[in-house]
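# Examination of the molecular architecture
Below are the chains, spelled out letter by letter.
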Amino acid sequence: MATDIVAQLADSLAKTGVEDGELSYKGQGRKLDDAQSVEDMVKEIQDFEGLQALRLEGNTVGVEAAQAIAKALETKNEFKRCYWSDMFTGRLRSEIPPALNSLGDALMLAGARLTVLDLSDNAFGPDGVKGIEKLLKSSACYTLQELRLNNCGMGIGGGKILAASLTECHKNSSAEGTPLGLKVFVAGRNRLENDGATALAQAFQLMGSLEEVHMPQNGINHPGVTALATAMQHNTRLRILNLNDNTFTEKGAIAMAQALKHLRSIQVINFGDCLVRPAGAHAIAEIISEGLPILKELNLSFGEITEEAALAVARAVKGKDQLQKLDLNGINYDDEGEPEDDDDEDEDEDEEEDDDDEEEVDEEEVEEEEEEEEEEEESNDNKVSTPASAPRPPDVSSFLSFPSPDKLIKLGPQESVDVSDATKTAEAFLKIASVYKEENNDVKNAVLDSIDTLLKKAFSNPTFQGYSFVSSLLVLLGLIKSEDKVKPVLVVPGHLQALEYVVRQDYFPKENMAVLEAFMSRNNKALESCENAKNRLQSTLQRVQSES
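No experiment lies behind these values; they were computed from the predicted model shown.

## Concerning the overall build of the protein chain
The number of helices and strands found in the protein chain is 20 helices and 13 strands. Here the protein chain holds 548 residues, and 51% of them are scored as buried. When contacts within the protein chain are restricted to residue pairs at least 6 apart in sequence, long-range pairs at least 24 apart make up 83% of them. Total accessible area on the protein chain is roughly 25700 Å²; 46% of this is exposed by carbon and sulfur atoms.

Written as structure tokens, this is what we have:
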């Protein structure tokens, strides 16, 4: 009796699989190199009547194996969904385009009408986009609703190829009376930058059908953000907009706020870590207070916004009945004035360096403002009998968000800085070192004391990775390129002067000296403005090594 029940259940599940039309090999970790390695898979595909979806995630597929699978797909005219993320692990990049071409050709030959194409986490670069270019332009993609290419390393070139393919697909499908109506676009962590994002924005504007856009961590600055904002105005059914960890600045944030005016269906806005700044936050708050009736989530965290701007946002969402999440972490609680935005000129130059230049200028302006405020308070003390309220003491997060000598002196050496992560420790070191002033003993001593406290704590921890710390320093100083597209700091003499002090201390591992010296001895544009400090550091490194 129990056996009969199990058999009936198995039969029921089998029928459910057939009705769903999905065949899955997800997460099986198969190494599929040639036709022989996929014999069983090919037979199952061939025998699967009404196949609509194939999951190959979490396996590794070679060229010959892909060709064999493709051959089995050539007769599957009901096929709709490709779940092919993370399926080229350990493969040469040159293997990926021919494998994708084979699979794409098979779908076109079968007369498939795709609704989902997911190739995320394949790191195939621009050449990988070329491998699906023909498929994207074909009638197989006239019905495409979801395109997922997250973490594929497309770069600017791949973004432009993708944009051109989508544009042609829309043109061809429109000519047949069935215009491409893509709903979901996912392309985070692809280094698209301004040119790639701008090209895609033109395709998005043409389609006007998007409901979800996810493009975090792409190195997009305000020209690219502004282009995307213009495109979003034409996608009035947009529900989710995720541009986390790009660099809006005031111009991009205001442009995006204007776009939000047209998006009454928007439910999720993620502009976290986007440097929206106070003016941008105010602009977004104004639009929210006027509309966006079904907003559920808003993320403006770590965007260099002031407490006053954050309060404006909080007031704007107060009447939103459907709001579930508001993220305003990383607020600058010290009112330091709003940084000026990027200049319109020289946009062809590196946007990232421009933004860094602004931040250095802004820090100097902040220092001047703080000094003026202190002088004004002293003057007022002589005029009024009521004592002024005590200023809020700075905290570590406030200093790290907007470093200034005055804050560091008031803060004093801090044991509370987290040193469990080598990269974050390197970032904290450079923030502290950025305010170093050789001619000001108070500031100089505050910097060196804080650095001693930070690095003694780090290097005394047996799990702290010293080499990772040095590598992170070199990346942040712009001396090593990072695959994660880490934004280098604008190097100032204080960075190298503080580092010269550190390498003379007993706590600094001697095995890291040679690595530092090798990079300091190279000619590098990032260090051109600090030639004297660089030469002093290089001499100290040579001397310390010879003495040890």
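This is not the end of the story, as more comes after the structure.
## Quick notes on unusual backbone geometry
At Arg191, a position not held by glycine, the phi torsion is positive, near 55°. Since its relative accessible area comes to 30%, Arg191 is described here as partly exposed.

## A short note on helix α20 (residues 531–547)
If you check α20, its first and last C-alpha atoms are 24 Å apart, about what 17 residues at 1.5 Å a residue would give, namely 24 Å. Within the span of α20, buried status applies to Ala533, Lys534, Leu537, Gln538, Thr540, Leu541 and Val544. Viewed along the axis of α20, the buried residues span an arc of 165°, placing them on a single side of the element. The exposed set on the far side of α20, more than 90 degrees from its buried face, consists of Asn532, Ser546 and Glu547. Among the structural elements, α18 (493–502) and α19 (513–520) are those in contact with the buried residues of α20.

## Some details on the packing of aromatic side chains
With the rule as written, the count across this model stands at seven aromatic pairs. Taken together, a centroid distance of 6.4 Å and an interplanar angle of 75° make the contact between Phe429 and Phe469 edge-to-face. Remark: Phe469 occurs in helix α17 (residues 466–476) and Phe429 occurs in helix α15 (residues 422–433); sequence separation between them is 40 residues. For Phe469, a relative accessible area of 1% corresponds to the buried category. Arranged with centres 5.7 Å apart and planes meeting at 85°, the rings of Phe459 and Phe469 form a pair that is edge-to-face. Taken as a pair, Phe459 in helix α16 (residues 441–459) and Phe469 in helix α17 lie far apart in primary sequence, 10 residues in all. Side by side, Phe459 and Phe469 carry an identical accessibility label, which is buried. Through a chain of ring-to-ring contacts, the aromatic side chains of Phe429, Phe459, Phe464, Phe469 and Phe508 assemble into a single cluster.

## Some words on the sheet that holds strand β8 (residues 184–186)
Reading across the sheet, the 11 strands line up as β1-β3-β5-β6-β7-β8-β9-β10-β11-β12-β13 and stay open at both edges, with parallel pairing between neighbours. In the strand order of this sheet, the two ends are held by β1 (22–24) and β13 (325–327), each with one partner. Looking at each pair of strands side by side, their axes are set apart by 5° on average, direction ignored. Of the strand pairs in this sheet, β8 and strand β9 (residues 212–214) are connected by three bridges, and their pairing is parallel. For Val186, the partnering residue across the bridge sits in β9 and is His214.

## Observations regarding the nonpolar core
Core analysis: the largest hydrophobic core is formed by 109 residues, its most contacted members being Leu73, Trp84 and Phe271. Apart from the residues within four sequence positions on either side, Phe271 is in contact with Leu241, Leu243, Phe248, Met256, Leu260, Val276, Ile284, Asn299 and Leu300. Formed by 51 residues, the second largest nonpolar core is a distinct cluster that contains Val417, Ala422, Val447 and Leu455.

## Observations regarding the UniProt feature "coiled-coil region" (unreviewed entry) in the protein chain
Here the UniProt feature "coiled-coil region" (unreviewed entry) sits at residues 516–547. Taken end to end, residues 516–547 comprises 69% helix and 0% strand; its first and last C-alpha atoms sit 16 Å apart.

## Observations concerning the packing of helix α9 (residues 249–260) against helix α10 (residues 277–290)
Interaxial distance between α9 and α10 falls to 8 Å at its minimum, and their mutual angle equals 5°. What the angle tells us is that α9 and α10 run roughly parallel. Residues Thr249, Glu250, Ala253, Ile254, Ala257 and Leu260 of α9 touch α10, and the partners they reach there are Arg277, Ala279, Gly280, Ala283, Ile284 and Ile287. The residue makeup of the contact of α9 with α10, split by class, is eight nonpolar, two polar and two charged.

## Topic: the packing of α15 against α17
Following both chains from N to C, one finds α15 and α17 inclined at 50°, their axes separated by 8 Å at the closest point. Taken together, the axes of α15 and α17 are oblique relative to one another. Of the two possible hands of crossing, α15 and α17 adopt the one that is right-handed. Between α15 and α17, the residues in contact are Ala422, Thr423, Thr425, Ala426, Glu427, Phe429 and Leu430 and Ser468, Phe469, Ser472, Leu473 and Leu476, respectively.

## Description of α10
The terminal C-alpha atoms of α10, which comprises 14 residues, lie 20 Å apart, in line with the 20 Å expected from a rise of 1.5 Å per residue. In terms of burial, α10 is a largely internal element, 10 of the 14 residues being buried. By the burial criterion, the buried members of α10 are Arg277, Pro278, Ala279, Gly280, Ala281, Ala283, Ile284, Ala285, Ile287 and Ile288. Looking one or two places after α10, you find Leu292, whose phi comes out positive at around 50°.

## Section: the environment of Lys410
Summarising the element assignment, Lys410 is placed in helix α14 (residues 405–411). In this structure Lys410 comes out as partly exposed when scored by relative accessible area, which is 49%. C-alpha of Lys410 to C-alpha of Ala446: the two residues are 36 residues apart in sequence and 9.2 Å apart in space.

## Topic: the state of the cysteines
Applying the stated criterion across every chain yields a total of zero disulfides. Cysteine Cys141 shares no disulfide, and the gap to the nearest cysteine sulfur, in Cys169, comes to 5.8 Å. Here Cys169 falls in the buried class, since its relative accessible area comes to 1%.

## Description of the side chain of Glu57
Inspection of the secondary structure puts Glu57 in the loop between β3 (53–55) and β4 (60–61). Leave out the neighbours within four places in its chain, and Glu57 touches Tyr25, Lys26, Gly27, Tyr83, Ser85 and Asp86.

## Topic: the side chain of Lys534
For Lys534, the location among the structural elements is in helix α20. No salt bridge forms around the buried Lys534; measuring N to O, its nearest opposite-charge neighbour Glu531 is 4.3 Å away.

## A look at the pattern of salt bridges
Two side chains of opposite charge can pair, provided their charged atoms sit close to one another. Counting across every chain of the model gives 18 salt bridges. Asp127 is paired through a salt bridge with Lys130; the nearest N and O atoms lie 3.9 Å apart. You can see Asp127 and its partner Lys130 sitting in helix α5 (residues 125–137), three residues apart, about one turn around the helix. Overall, Lys130 belongs to the partly exposed group, its relative accessible area being 46%. Residue Lys137 is joined to Glu168 by a salt bridge in which the shortest nitrogen-to-oxygen separation is 3.7 Å. Note that Lys137 is positioned in helix α5 and Glu168 in helix α6 (residues 155–175), a separation of 31 residues in sequence.

How each quantity is defined
- Residues numbered from 1 in each chain as written.
- Predicted model: local features only at pLDDT ≥ 70, side-chain atom pairs only at ≥ 80, totals over all residues.
- Heavy atoms only, no water.
- Helix = DSSP H or I, 4+ residues; strand = E, 2+ residues; numbered from the N terminus.
- Buried < 20%, exposed > 50% of the residue type's maximum accessible area, 1.4 Å probe, protein only.
- Contact = heavy atoms within 4.5 Å.
- Areas by Shrake-Rupley, 256 points an atom, 1.4 Å probe, with all protein chains shown as cover.
- Expected span 1.5 Å × (residues − 1).
- Arc of directions from axis to C-beta.
- Phe/Tyr/Trp six-rings, centres within 6.5 Å; stacked < 30°, edge-to-face > 60°.
- Pairing = 2+ DSSP bridges.
- Axes fitted to C-alpha atoms, helices over the stretch in contact; angles between N-to-C directions.
- Core = buried A, V, L, I, M, F, W, Y, C linked by side-chain atoms within 4.5 Å.
- UniProt positions renumbered as here; feature names shortened; annotations may be inferred.
- Parallel < 35°, antiparallel > 145°, perpendicular 65-115°, else oblique.
- Nonpolar A, V, L, I, M, F, W, Y, C, P; charged D, E, K, R; others polar.
- Left-handed = near helix turned anticlockwise from the far one by under 90°.
- Disulfide = S-S within 2.5 Å.
- Lys, Arg positive; Asp, Glu negative; His and termini not counted.
- Salt bridge = Lys/Arg side-chain N within 4 Å of Asp/Glu carboxyl O.

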